[in-house]
Amino acid sequence: MVKTSAPGKLMLFGEHAVVYERPCIVTAVNHRMSVSIDKRNDEKIIVNAPEMNVKDYKISIDNLNGKYSRETAFVLTAVKNFFDKYKCESGLNVETHSEFSSKFGFGSSSAVTVSTLKALSELFNVKISKKELFDISYKTVLDVQKVGSGFDVASAIYGRTLYFVSGGKVIEEMNIDRIPLIVGYTGIKADTSTLVKKVSQEMEKEHEKINNIFNKIENIVIEAKRKIKNSEWSKIGSFMNENQKYLRMLGVSSPELDKLIFSSSKAGAYGSKLSGAGGGDCMIALASDEKRDLVSKAIEKAGGIIIPVETNVEGVRIERQY
Ligand code: MEV
């Protein structure tokens, strides 16, 4: 039996632009997704995923054909891709467990995919590097959801805080300590694919305008990277505000997000923005230790739910093995 876990993530800078060959900055958070896998003596794969209401779902190895329910798709696609690539197979018991709700937008799909593939590589004694784990995990996520830059997959594997370029062209660990971040959940579940499609339609209609916005966001990411290294939080906060301005121009913010963002600024945050695809999910704010309580209360008063997070945490790891 092998049990692994991988962290969720929060996008700090560069969402949407990163789908178009630009860089982004992402931090791993201490809400983890774990997967336990055991070999069976028959040809069955049995999945239990309580957080998805999946109980004793059975499928035989021969029927791993790419057509799965939404709830089991990431796990089963990961298993199929692993068997295909490393020429091995076995019946399996797979059980997932999430410390966070998939509705926050913390990247539960990529975290479960990475945990599953890491557990399989241990179980079948296949030595794979982090980059190989990234490639097979990213392929799995794309097989299922078709779109995505892979930043969430990289975050689940490498953890910490990363400077990342689309498809893993650059995955650079940033050497920082802690980020004074506050996370406010809007209460609304966003659909990443819909928002990514919306931006791609805008890109088709108004290529130059959208491309210019992405160039501006790219500059912000590059500048923010420098400032993060030196923990210049007040400057980083103003980059967040600027990034948010461009996200609004892309049409991915929402009245609920704007309300939480506005209230956090008014309460004295260094800066704030949406985090992830937009449309709902979470916003993030940077605040000094003195302003932390005031900003959190202001977000709550505006209808947000504060989600306590630790940032910059460890990537995928083995929790137990015997
Ligand atoms: C979603 O969390 C972030 C996007 O940039 C999509 C992606 O990078 O895969 C909108």
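Just so you know, these numbers come straight off a predicted model, no measurement behind them. (Residues numbered from 1 in each chain as written. Predicted model: local features only at pLDDT ≥ 70, side-chain atom pairs only at ≥ 80, totals over all residues. Heavy atoms only, no water.)

Asks: Whenever I open this one, the overall build of the chain confuses me. Can you help?
Replies: Counting secondary structure elements, the chain contains nine helices and twelve strands. Principal-axis analysis of the C-alpha atoms places the extent of the chain at approximately 60 × 45 × 35 Å. When each of the 322 residues of the chain is scored for burial, the buried share is 57%. In the chain, once contacts between residues fewer than 6 apart in sequence are set aside, the share between residues at least 24 apart is 73%. For the chain, the accessible surface area stands at approximately 14,100 Å², while carbon and sulfur atoms represent 47% of it. Averaging the positions of the 46 positive and the 40 negative side-chain charges in the chain gives two centres separated by 2 Å. (Helix = DSSP H or I, 4+ residues; strand = E, 2+ residues; numbered from the N terminus. Buried < 20%, exposed > 50% of the residue type's maximum accessible area, 1.4 Å probe, protein only. Contact = heavy atoms within 4.5 Å. Areas by Shrake-Rupley, 256 points an atom, 1.4 Å probe, with all protein chains shown as cover. Lys, Arg positive; Asp, Glu negative; His and termini not counted. Charge placed at Lys NZ, Arg CZ, Asp CG, Glu CD.)

Asks: Looking at this model, I keep getting lost on the pairing of strand S5 (residues 91-98). Mind explaining?
Replies: Regular strands place their side chains on alternate faces of the sheet. Relative to S5, strand S2 (residues 23-40) is paired through eight bridges, and the arrangement is antiparallel. Bridge pairing in S5 places Asp38 opposite Asn93. Note: strand S3 (residues 44-49) against S5, four bridges, orientation parallel. Bridge assignment links Ile46 to a residue of S5, and that residue is Asn93. (Pairing = 2+ DSSP bridges.)

Asks: Which parts of the structure should I look at to understand the domain arrangement of the chain?
Replies: Frequently, the measure chosen for interface size is the accessible area that the parts lose on association. Its domain assignment divides the chain into domain 1 (2-176 + 312-321) and domain 2 (181-306). For domain 1 and domain 2, the distance between their C-alpha centres works out to 26 Å. Counting from both sides, the interface comprises 25 residues of domain 1 and, opposite them, 37 residues of domain 2. Together, the buried faces of domain 1 and domain 2 total about 2,600 Å²; carbon and sulfur atoms form 71% of this surface. Where domain 1 meets domain 2, there are ten residue pairs in polar contact (both at pLDDT 80 or more). When grouped by side-chain class, the residues that make up the side of domain 1 that touches domain 2 number 16 nonpolar, five polar and four charged. (Domains from an automatic or database assignment. Buried area = accessible area lost by both parts, 1.4 Å probe. Polar contact = N/O pair within 3.5 Å; in protein donor to acceptor, adjacent residues only side chain to side chain. Nonpolar A, V, L, I, M, F, W, Y, C, P; charged D, E, K, R; others polar.)

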